Amino acid sequence: MKITILKSDHDKMYEHALSVAPDEACGLLAGIDREDGIREIKKVYILENIDHTNEHFSIDPKEQLKTVKQIRAEGLVPLGNWHSHPESPSRPSEEDKRLANDSKASYLILSLAEKGNPVLNAFHIEGEQGSRSVRKEELSII
Amino acid sequence: MIITVAGNKKEYEDGINVATLIEQENVETPQYVTVSINEEFIESGSFDSHVLKEGDEVEFLYFMGGGK
(Lines give C-alpha, C1' and ligand atoms only; values in the text may rest on other atoms or scores of the structure.)
Protein backbone atom coordinates (compact mmCIF):
# COMPACT_ATOMS: atom_id res chain seq x y z
CA MET A 1 0.00 0.00 0.00
CA LYS A 2 1.16 3.52 -0.76
CA ILE A 3 0.85 5.93 2.16
CA THR A 4 1.20 9.69 2.29
CA ILE A 5 1.80 11.88 5.31
CA LEU A 6 2.07 15.63 5.51
CA LYS A 7 5.49 17.15 6.12
CA SER A 8 3.92 19.22 8.91
CA ASP A 9 2.71 16.05 10.61
CA HIS A 10 6.12 14.44 10.19
CA ASP A 11 7.70 17.48 11.81
CA LYS A 12 5.10 17.47 14.59
CA MET A 13 5.95 13.85 15.44
CA TYR A 14 9.68 14.55 15.26
CA GLU A 15 9.51 17.62 17.50
CA HIS A 16 7.39 15.80 20.05
CA ALA A 17 9.60 12.71 19.97
CA LEU A 18 12.66 14.86 20.58
CA SER A 19 10.93 16.66 23.45
CA VAL A 20 10.14 13.44 25.34
CA ALA A 21 13.33 11.53 24.44
CA PRO A 22 14.81 9.31 25.72
CA ASP A 23 11.26 8.06 26.37
CA GLU A 24 9.42 6.65 23.40
CA ALA A 25 6.73 8.91 21.93
CA CYS A 26 3.50 7.60 20.46
CA GLY A 27 0.16 8.49 18.97
CA LEU A 28 -2.52 7.69 16.44
CA LEU A 29 -2.93 8.28 12.71
CA ALA A 30 -6.12 9.37 10.98
CA GLY A 31 -7.12 10.05 7.43
CA ILE A 32 -8.78 8.30 4.53
CA ASP A 33 -8.29 5.26 2.34
CA ARG A 34 -8.72 6.62 -1.17
CA GLU A 35 -10.43 4.70 -3.95
CA ASP A 36 -7.15 4.62 -5.89
CA GLY A 37 -5.61 2.55 -3.09
CA ILE A 38 -3.58 5.32 -1.51
CA ARG A 39 -3.81 5.69 2.24
CA GLU A 40 -3.74 9.38 3.00
CA ILE A 41 -2.78 10.30 6.57
CA LYS A 42 -4.40 13.65 7.13
CA LYS A 43 -3.80 14.09 10.82
CA VAL A 44 -1.39 12.81 13.45
CA TYR A 45 -2.37 12.70 17.10
CA ILE A 46 0.09 12.81 19.95
CA LEU A 47 -0.89 10.61 22.87
CA GLU A 48 0.81 9.92 26.17
CA ASN A 49 3.18 7.01 26.50
CA ILE A 50 1.96 5.82 29.87
CA ASP A 51 5.07 3.62 30.25
CA HIS A 52 7.34 6.70 30.21
CA THR A 53 10.40 4.68 29.27
CA ASN A 54 12.85 4.40 26.40
CA GLU A 55 12.08 0.70 26.03
CA HIS A 56 8.30 0.50 25.70
CA PHE A 57 5.24 2.43 24.85
CA SER A 58 1.63 1.88 25.82
CA ILE A 59 -1.35 4.02 24.96
CA ASP A 60 -4.02 4.44 27.63
CA PRO A 61 -7.14 2.75 26.19
CA LYS A 62 -9.32 5.56 27.53
CA GLU A 63 -7.24 8.19 25.72
CA GLN A 64 -7.23 5.95 22.63
CA LEU A 65 -11.03 5.72 22.68
CA LYS A 66 -11.42 9.45 23.20
CA THR A 67 -9.12 10.11 20.25
CA VAL A 68 -10.93 7.60 18.02
CA LYS A 69 -14.18 9.43 18.78
CA GLN A 70 -12.50 12.72 17.89
CA ILE A 71 -11.19 11.23 14.64
CA ARG A 72 -14.68 10.10 13.63
CA ALA A 73 -16.16 13.48 14.60
CA GLU A 74 -13.67 15.10 12.22
CA GLY A 75 -14.88 12.89 9.36
CA LEU A 76 -11.73 10.78 9.27
CA VAL A 77 -11.03 7.15 10.09
CA PRO A 78 -8.36 5.67 12.36
CA LEU A 79 -5.52 4.33 10.22
CA GLY A 80 -3.02 3.05 12.77
CA ASN A 81 -0.44 4.29 15.17
CA TRP A 82 3.05 5.71 15.33
CA HIS A 83 5.83 5.59 17.87
CA SER A 84 9.43 6.61 18.15
CA HIS A 85 12.55 4.54 18.60
CA PRO A 86 14.87 6.99 20.36
CA GLU A 87 17.92 4.79 20.12
CA SER A 88 17.15 2.06 17.61
CA PRO A 89 16.38 1.80 13.89
CA SER A 90 13.02 2.39 12.23
CA ARG A 91 11.84 -1.20 12.10
CA PRO A 92 9.39 -3.18 14.22
CA SER A 93 10.89 -4.88 17.26
CA GLU A 94 9.69 -8.30 18.37
CA GLU A 95 7.49 -6.54 20.93
CA ASP A 96 6.10 -4.26 18.21
CA LYS A 97 5.19 -7.30 16.13
CA ARG A 98 3.68 -9.15 19.07
CA LEU A 99 1.35 -6.26 19.85
CA ALA A 100 0.38 -5.48 16.25
CA ASN A 101 -3.00 -7.21 16.37
CA ASP A 102 -4.74 -5.20 13.68
CA SER A 103 -3.62 -6.07 10.16
CA LYS A 104 -5.65 -3.18 8.74
CA ALA A 105 -3.57 -0.67 10.69
CA SER A 106 -0.45 1.06 9.47
CA TYR A 107 2.42 1.11 11.93
CA LEU A 108 4.77 4.06 11.59
CA ILE A 109 8.10 4.08 13.41
CA LEU A 110 10.22 7.20 13.74
CA SER A 111 13.86 6.53 14.56
CA LEU A 112 15.90 9.19 16.32
CA ALA A 113 19.00 7.00 16.44
CA GLU A 114 20.96 9.24 14.09
CA LYS A 115 21.06 12.72 15.54
CA GLY A 116 19.53 15.33 13.24
CA ASN A 117 18.39 12.72 10.74
CA PRO A 118 14.98 11.30 11.72
CA VAL A 119 13.96 8.19 9.78
CA LEU A 120 10.26 7.44 9.38
CA ASN A 121 9.02 4.17 7.92
CA ALA A 122 5.59 2.58 7.62
CA PHE A 123 4.90 -1.10 8.09
CA HIS A 124 2.10 -3.58 7.52
CA ILE A 125 2.10 -6.42 10.04
CA GLU A 126 -0.08 -9.50 9.85
CA GLY A 127 -0.28 -13.16 10.76
CA GLU A 128 -0.54 -15.29 13.85
CA GLN A 129 1.37 -14.64 17.03
CA GLY A 130 4.91 -15.95 16.73
CA SER A 131 4.93 -15.93 12.95
CA ARG A 132 3.98 -12.38 12.07
CA SER A 133 5.11 -11.07 8.72
CA VAL A 134 6.24 -7.50 8.25
CA ARG A 135 6.10 -5.57 5.01
CA LYS A 136 7.58 -2.12 4.59
CA GLU A 137 5.09 0.19 2.92
CA GLU A 138 5.81 2.91 0.39
CA LEU A 139 5.65 6.12 2.43
CA SER A 140 5.74 9.59 0.90
CA ILE A 141 6.18 12.72 2.98
CA ILE A 142 4.38 15.46 1.08
CA MET B 1 -32.53 -2.18 15.53
CA ILE B 2 -29.88 0.32 14.58
CA ILE B 3 -26.44 0.17 16.21
CA THR B 4 -23.40 2.26 15.36
CA VAL B 5 -20.34 0.07 14.95
CA ALA B 6 -16.97 1.71 14.33
CA GLY B 7 -18.74 4.86 13.24
CA ASN B 8 -21.14 3.13 10.83
CA LYS B 9 -24.87 2.85 11.54
CA LYS B 10 -26.21 -0.56 10.62
CA GLU B 11 -29.27 -2.72 11.17
CA TYR B 12 -28.84 -5.71 13.47
CA GLU B 13 -31.22 -8.32 14.82
CA ASP B 14 -32.83 -7.53 18.16
CA GLY B 15 -31.17 -9.19 21.13
CA ILE B 16 -27.74 -9.54 19.51
CA ASN B 17 -24.94 -9.90 22.02
CA VAL B 18 -21.39 -8.62 21.79
CA ALA B 19 -19.88 -12.03 20.99
CA THR B 20 -22.24 -12.46 18.02
CA LEU B 21 -21.57 -8.93 16.84
CA ILE B 22 -17.83 -9.68 16.88
CA GLU B 23 -18.48 -12.74 14.71
CA GLN B 24 -20.77 -10.93 12.30
CA GLU B 25 -18.34 -8.08 11.89
CA ASN B 26 -15.45 -10.50 11.27
CA VAL B 27 -13.39 -8.78 13.91
CA GLU B 28 -9.78 -9.77 13.50
CA THR B 29 -7.95 -11.51 16.37
CA PRO B 30 -11.03 -11.24 18.59
CA GLN B 31 -9.10 -12.62 21.54
CA TYR B 32 -7.17 -9.35 21.64
CA VAL B 33 -9.98 -6.93 21.02
CA THR B 34 -11.35 -4.50 23.57
CA VAL B 35 -14.95 -3.43 23.21
CA SER B 36 -16.46 -0.15 24.26
CA ILE B 37 -20.17 0.53 24.27
CA ASN B 38 -21.29 4.11 24.62
CA GLU B 39 -17.74 5.01 25.67
CA GLU B 40 -17.64 2.44 28.47
CA PHE B 41 -15.29 -0.53 28.24
CA ILE B 42 -16.88 -3.88 28.92
CA GLU B 43 -15.22 -6.98 30.34
CA SER B 44 -14.24 -9.60 27.76
CA GLY B 45 -15.85 -12.21 29.99
CA SER B 46 -19.24 -10.61 29.43
CA PHE B 47 -19.23 -10.61 25.61
CA ASP B 48 -21.73 -13.49 25.57
CA SER B 49 -24.06 -12.03 28.15
CA HIS B 50 -23.97 -8.38 27.13
CA VAL B 51 -27.00 -7.73 24.93
CA LEU B 52 -26.89 -4.67 22.74
CA LYS B 53 -29.75 -2.24 22.46
CA GLU B 54 -31.05 0.26 19.95
CA GLY B 55 -28.76 3.25 19.53
CA ASP B 56 -25.69 1.71 21.12
CA GLU B 57 -22.34 2.96 19.84
CA VAL B 58 -19.74 0.21 19.66
CA GLU B 59 -16.01 0.50 19.06
CA PHE B 60 -13.52 -2.34 18.69
CA LEU B 61 -10.09 -1.34 19.89
CA TYR B 62 -6.76 -3.12 20.09
CA PHE B 63 -4.26 -2.42 22.81
CA MET B 64 -1.56 -0.27 21.31
CA GLY B 65 1.94 -0.67 22.56
CA GLY B 66 5.37 -1.90 21.69
CA GLY B 67 9.00 -1.83 22.60
CA LYS B 68 12.34 -1.03 21.10
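What counts and how
Residues numbered from 1 in each chain as written. Chains lettered and ligands numbered in written order. Predicted model: local features only at pLDDT ≥ 70, side-chain atom pairs only at ≥ 80, totals over all residues. Helix = DSSP H or I, 4+ residues; strand = E, 2+ residues; numbered from the N terminus. Buried ≥ 20, exposed ≤ 12 C-beta atoms within 10 Å, placed from the backbone. Contact = placed C-beta atoms within 7 Å. Pairing = 2+ DSSP bridges. Axes fitted to C-alpha atoms, helices over the stretch in contact; angles between N-to-C directions. Nonpolar A, V, L, I, M, F, W, Y, C, P; charged D, E, K, R; others polar. Expected span 1.5 Å × (residues − 1). Core = buried A, V, L, I, M, F, W, Y, C linked by C-beta atoms within 7 Å.

S.K.: Please provide a residue-by-residue account of the overall build of chain A, values included.
M.R.: A tally of helices and strands in chain A yields three helices and eight strands. Principal-axis analysis of the C-alpha atoms gives chain A an extent of 40 × 35 × 30 Å. Sorting the 142 residues of chain A into buried and exposed places 37% on the buried side. For chain A, contacts bridging at least 24 residues in sequence account for 61% of all contacts bridging at least 6.

S.K.: Explain the environment of A:Ser58 residue by residue, including any values.
M.R.: Looking at the element boundaries, A:Ser58 is found in strand E4 (residues 56-58). Separated by 11 residues in sequence, A:Ser58 and A:Leu47 have C-alpha atoms that sit 9.6 Å apart. Setting aside anything within four residues of it in sequence, one finds A:Ser58 in contact with A:Asn49, A:Ile50, A:Asp51 and B:Gly65.

S.K.: How would you sum up the sheet that holds strand E6 (residues 106-111) of chain A? Please name residues and give values.
M.R.: All names here are of chain A. Spatially, E1-E3-E2-E5-E6-E7-E8 is the arrangement adopted by the seven strands of the closed barrel, whose pairing is mixed. The average undirected angle you get between the axes of adjacent strands in this sheet is 35 degrees. For E6 and strand E7 (residues 119-126), the ladder comprises five bridges, and the chain directions are antiparallel. The residue of E7 that forms the bridge with Ile 109 is Asn 121. Helix H1 (residues 7-20) rests against strand E1 (2-5), strand E3 (38-47), strand E5 (77-85), E6, E7 and strand E8 (133-141) of the sheet, and its axis sits at about 30 degrees to E3.

S.K.: Tell me about the pairing of E3(A), and name the residues and values.
M.R.: Along any regular strand, the residues point their side chains to alternate faces of the sheet. Residue and element names in this part refer to chain A. Here four bridges tie E1 to E3, and the two strands are oriented parallel to one another. Of the residues in E3, the one forming a bridge with Lys 2 is Ile 38. Of the strand pairs in this sheet, strand E2 (residues 26-33) and E3 are connected by eight bridges, and their pairing is antiparallel. Note that in E3 the partner of Gly 31 across the bridge is Ile 41.

S.K.: Break down the interface of chain B and chain A for me, citing the residues and quoting the values.
M.R.: Between chain B and chain A, the contact holds 17 residues from the first and 23 residues from the second. Mapped by element, the contributors of at least two residues to the side of chain B that touches chain A are strand E3 (33-37), strand E5 (57-62) and strand E6 (65-67) of chain B. A per-class count over the side of chain B that touches chain A returns six nonpolar, seven polar and four charged. Judged from the three bridges that link them, E4(A) and E6(B) form a sheet pairing that is antiparallel. Directly across from A:His56, in E6(B), lies its bridge partner B:Gly67.

S.K.: Now, about H1(A): what can you tell me, with residues and values included?
M.R.: Here H1(A) contains 14 residues, and its C-alpha end-to-end distance of 20 Å stays within 8% of the 20 Å for a straight helix at 1.5 Å per residue. The inward-facing, buried residues of H1(A) contact E1, E3, E5, E6, E7 and E8 of chain A.

S.K.: Run through the nonpolar core, naming residues and quoting values.
M.R.: In this structure, A:Leu29, A:Trp82, A:Tyr107, A:Leu108 and A:Leu110 are the most contacted members of the largest nonpolar core, which totals 31 residues. Where this core is concerned, the elements lending two or more residues are E1, H1, E2, E3, helix H2 (61-73), E5, E6 and E7 of chain A. If sequence neighbours within four positions are ignored, A:Leu108 has contacts with A:Leu29, A:Gly80, A:Trp82, A:Leu120 and A:Ala122. Core analysis: the second largest hydrophobic core is formed by five residues, B:Leu21, B:Val35, B:Leu52 and B:Val58 among them.

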